[in-house]
Amino acid sequence: AGRVAPATATLPPLLGSTAEQCLGRPLKTLLPGLNATDDAPNSQNLAARRVTAADGGALAAFIHRRDGFIIVELEDDSSAALAFPPDDNDNDAFVSALAQVRSVFDVAALTVKRVAALSGFDRCMFYRFLPDWSGDVIAETRDEDMVPYLGLRYPASDIPEQARKLYVDNILRAVADVDAEPSPLLTERDGANGGGRAAALNLGFANLRAVSPVHLQYMRNMGVSASLTGSV
């Protein structure tokens, strides 16, 4: 228990050891300050911890359980300050405005404006699913030179059933770079992605997993280089 089974090939910069050197070792010898067995929630909810890497650098660890695995995701946390720190006055104004809304359209409009202010994204939109699983964009903020999506309606086939299920299972999904190279999972048995326990590992709740090449091409076709999706 608590031993590294599959490990991503991109571990070395974070832990100072190759993925092959980490496989089979107790996690506590690699990250002494992290007790993943105790910290991991019994659901898709993520537990966030700040831990110290082998080189003394700060790491952000996100932990959850899935199908008998404890999945630990690590990111460099050396720049912990938020690029867009929240402003208490803005938060108070947002909450006050929400208390006065009269429809879901008002909620959507306020939400996209607040997300845009916090994130700095070029476009923020609120997409609503309808009973037949078609959808429409009911609120949007965007740069002036971008084509508007507000009011457009899309058929159910635009977002496949398996993707819609992920929106329910994992309410926050990020694609930092559509052109990023995916990192293979390595195992003691086969040394590469595609076999053994790595193939059985379900990363549906993981934030740092690669996404479908079909979805990435869909984003490129829309001229999108990165995205953040939250389910409401």
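What this report covers is the structure whose coordinates are included nearby. (Residues numbered from 1 in each chain as written. Predicted model: local features only at pLDDT ≥ 70, side-chain atom pairs only at ≥ 80, totals over all residues. Heavy atoms only, no water.)

Once that is clear, we can look at the overall build of the protein. Secondary structure summary: the protein contains nine helices and 10 strands in total. A buried classification covers 30% of the 232 residues belonging to the protein. Pairs at least 24 residues apart make up 47% of the contacts formed inside the protein by residues separated by at least 6 positions. (Helix = DSSP H or I, 4+ residues; strand = E, 2+ residues; numbered from the N terminus. Buried < 20%, exposed > 50% of the residue type's maximum accessible area, 1.4 Å probe, protein only. Contact = heavy atoms within 4.5 Å.)

Let's shift gears to the pairing of strand β5 (residues 123-129). In this sheet, strand β6 (residues 135-142) lies alongside β5 in antiparallel orientation, the contact comprising seven bridges. When the sheet's bridge partners are listed, R128 is paired in β6 with D136. If you look at the hairpin formed by β5 and β6, you'll find five residues sitting between the two strands, and W133 has a positive phi there, around 70 degrees. (Pairing = 2+ DSSP bridges.)

Now for a negative patch on the surface. Taken together, the side chains of D122, D143, E144 and D145 make up a negatively charged region of the molecular surface. Turning to its location among the elements, D122 is positioned in the loop between α6 (104-119) and β5. (Patch = residues over 30% accessible without salt bridge, like charges linked within 9 Å, V, L, I, M, F, W, Y side chains within 5 Å. Areas by Shrake-Rupley, 256 points an atom, 1.4 Å probe, with all protein chains shown as cover. Salt bridge = Lys/Arg side-chain N within 4 Å of Asp/Glu carboxyl O. Lys, Arg positive; Asp, Glu negative; His and termini not counted. Charge placed at Lys NZ, Arg CZ, Asp CG, Glu CD.)

What follows concerns the pairing of strand β3 (residues 58-66). Bridge count between strand β2 (residues 47-52) and β3: six bridges; the pairing is antiparallel. Looking across to β3, one finds that V51 is bridged to L59. Where β3 and strand β4 (residues 69-76) come together, eight bridges link them in antiparallel fashion. Looking at the pairing, A61 lines up with L74 of β4. The hairpin turn running from β3 into β4, its antiparallel successor, is two residues long, and D67 in that turn takes a positive phi close to 55 degrees.

Tallied over the full model, the rule gives four aromatic pairs. Aromatic side chains F129 and Y167 sit 6.2 Å apart centroid to centroid with 45 degrees between the ring planes, which places their arrangement in the tilted category. You can see F129 sitting in strand β5 and its partner Y167 sitting in helix α7 (residues 161-169), a full 38 residues away along the chain. Classification of F129 as partly exposed rests on a relative accessible area of 29%. (Phe/Tyr/Trp six-rings, centres within 6.5 Å; stacked < 30°, edge-to-face > 60°.)

A few words on the environment of R142. Along the polypeptide, R142 turns up in strand β6. Overall, R142 belongs to the partly exposed group, its relative accessible area being 35%. In this structure the C-alpha to C-alpha distance between R142 and C124, which are 18 residues apart in sequence, comes to 6.5 Å. Dropping the residues within four chain positions of it, R142 is found in contact with D122, R123, V147 and P148. Within the local environment of R142, its side chain forms a polar contact with the backbone oxygen of M146, the two atoms lying 2.7 Å apart. (Polar contact = N/O pair within 3.5 Å; in protein donor to acceptor, adjacent residues only side chain to side chain.)

On to the pattern of salt bridges. Going through the model one piece at a time under the given rule, you end up with six salt bridges. With its nearest N and O atoms 3.7 Å apart, the salt bridge here joins R142 to E140. By relative accessible area, which is 16% here, E140 ends up buried. Residue K165 pairs with D169 through a salt bridge whose shortest N-O separation is 2.6 Å. Residue K165 and its partner D169 are located together in helix α7, separated by four residues, close to a single helical turn. Given the relative accessible area of 52%, K165 is considered exposed. A single salt-bridge network, built from bridges that share partners, covers R123, E140 and R142.

Our next topic: the side chain of R66. Tracing the sequence through the fold places R66 in strand β3. Despite its burial, R66 pairs with no opposite charge; the closest candidate is D67, at 4.0 Å N-O. Excluding its chain neighbours within four sequence positions, the residues that come into contact with R66 are I71, N202, G204 and F205.

This part covers the sheet that holds β4. Ordered in space as β2-β3-β4, the three strands form an open sheet in which the pairing is antiparallel. Looking at the sheet topology across the chains shown, the edges are occupied by β2 and β4. With strand direction ignored, the average angle separating the axes of adjacent strands in the sheet is 30 degrees. (Axes fitted to C-alpha atoms, helices over the stretch in contact; angles between N-to-C directions.)

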